[in-house]
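Analysis of the macromolecular model
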Amino acid sequence: MEHIAILLATYNGERYLKEQLDSLFQQTFKDWTLYVHDDGSTDQTCTILKEYATQHDNIVVLDYPAQHGAKNNFLSLLHKVDADYYLFCDQDDEWAADKIEKQMAVMKETERSCPGKPVLVFSDLFIADSELNQIGTMWKQENIRPEHLTTFDEGGALEFVTGSTMLFDRQAKDAVVFPAEKAVMHDAWVTLCVLRSGGIVKAISEPLVYYRQHGGNVLGVNNWSQYSRIKRLINIKKSIVANYKHYRMLQALGYGSVFKYLRYKHSYRKKG
């Protein structure tokens, strides 16, 4: 029997954690195990996890030292858990009831058509407010074009695979480089490692996650349409720093010159 692992990294997530956990147990695809590691919460997060773990035998709460941040926490779970398939899960989102079922169908089809290759499947997201009222979709709001995530050279210059939408197989996990000191975030690192290994990154255009924006997100949506040109210029420093960190992450994986990175980045923008 195939082992499907959902990896949930928590930290002070009491406000929405129960709703996320309930959305997992409402999945039409039932055969999975939830692995959780808490990063030192001081609220009721651990109490909630213990409560659900006593009610469900497919929850495993792992006890090891705090990892000091979402990136390290998720990657530590990935490193420790042995499974055939993996999904990352954020503590404050909710999943569409058929998320796993639809992603597994695409996964199996892609594995059949590309035997032996690492496979990563991801989807669009509904952007939602704190009450899960839909604001829009991620790909439309941020003008994301996932068809360009085909090779390490081209895909390396981009950064738009959201961890909570990802499903990837064991071959993809085996492609992930550990340790990952230069990783900006866990989802970007895993995606780049899969592309670097010649793997397949497959997009599902349907939104399968409700990406809750509530002011306390570790990462959120950049709605640049709200900003004037002047305000964008004011934020140029942040953009430069973000690009530097992203390129440094690519360097750690042997990407090549900064000129290649800038060329593909410019090419992607022109295609938009």
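Okay, so let's go over this structure. What you see is a predicted model; the values in this text were computed from it and never measured. (Residues numbered from 1 in each chain as written. Predicted model: local features only at pLDDT ≥ 70, side-chain atom pairs only at ≥ 80, totals over all residues. Heavy atoms only, no water.)

1. A look at the overall build of the protein
- Per the secondary structure count, the protein includes 11 helices and nine strands.
- Taken against the 2.2 N^0.38 rule, which gives 19 Å for 272 residues, the C-alpha radius of gyration of the protein at 18 Å falls within 12% of a compact globule.
- Overall, the protein is about 55 × 45 × 35 Å in size when its C-alpha atoms are taken along their principal axes.
- For the protein, contacts bridging at least 24 residues in sequence account for 77% of all contacts bridging at least 6.
- When the accessible surface of the protein is summed, it comes to about 13,500 Å², and 51% of that surface belongs to carbon and sulfur atoms. (Helix = DSSP H or I, 4+ residues; strand = E, 2+ residues; numbered from the N terminus. Rg over C-alpha atoms; globule rule 2.2 N^0.38 Å. Contact = heavy atoms within 4.5 Å. Areas by Shrake-Rupley, 256 points an atom, 1.4 Å probe, with all protein chains shown as cover.)

2. Some remarks on the pairing of strand β6 (residues 119-128)
- The buried fraction of β6 amounts to 10 of the 10 residues, a majority that puts the element mostly inside the structure.
- With two bridges joining them, β6 and strand β8 (residues 167-169) adopt antiparallel strand pairing. Following the sheet pairing, Val 121 is matched in β8 by Leu 167.
- Taken together, the three bridges between β6 and strand β7 (residues 134-137) define a ladder with antiparallel strand orientation. Within β7, the residue paired with Ile 127 across the bridge is Gly 136. (Buried < 20%, exposed > 50% of the residue type's maximum accessible area, 1.4 Å probe, protein only. Pairing = 2+ DSSP bridges.)

3. As for the pattern of salt bridges
- Scanning the model with the defined rule gives eight salt bridges in all.
- Here Glu 2 ties to Lys 108 by a salt bridge, and the two come within 2.4 Å at their closest N and O atoms. Residue Glu 2 is located in the segment before β1 (4-10), and its partner Lys 108 is located in helix α4 (residues 99-113); the two are separated by 106 residues in the primary sequence.
- Relative accessible area serves as the criterion here: at 24%, Lys 108 is assigned to the partly exposed category.
- Between Asp 153 and Lys 260 there is a salt bridge, with its nearest N and O atoms 2.9 Å apart. With Asp 153 in helix α6 (residues 152-155) and Lys 260 in helix α11 (residues 258-271), this residue pair connects regions lying 107 residues apart in the sequence.
- Under the relative-accessibility criterion, Lys 260 is labelled buried at 18%.
- Through salt bridges with shared partners, one network takes in Glu 19, Glu 94 and Arg 212. (Salt bridge = Lys/Arg side-chain N within 4 Å of Asp/Glu carboxyl O.)

4. Regarding the side chain of Arg 145
- Position of Arg 145 relative to the elements: it lies in the loop between α5 (138-141) and α6.
- A distance of 3.2 Å separates a polar atom in the side chain of Arg 145 from the backbone oxygen of Asn 143. (Polar contact = N/O pair within 3.5 Å; in protein donor to acceptor, adjacent residues only side chain to side chain.)

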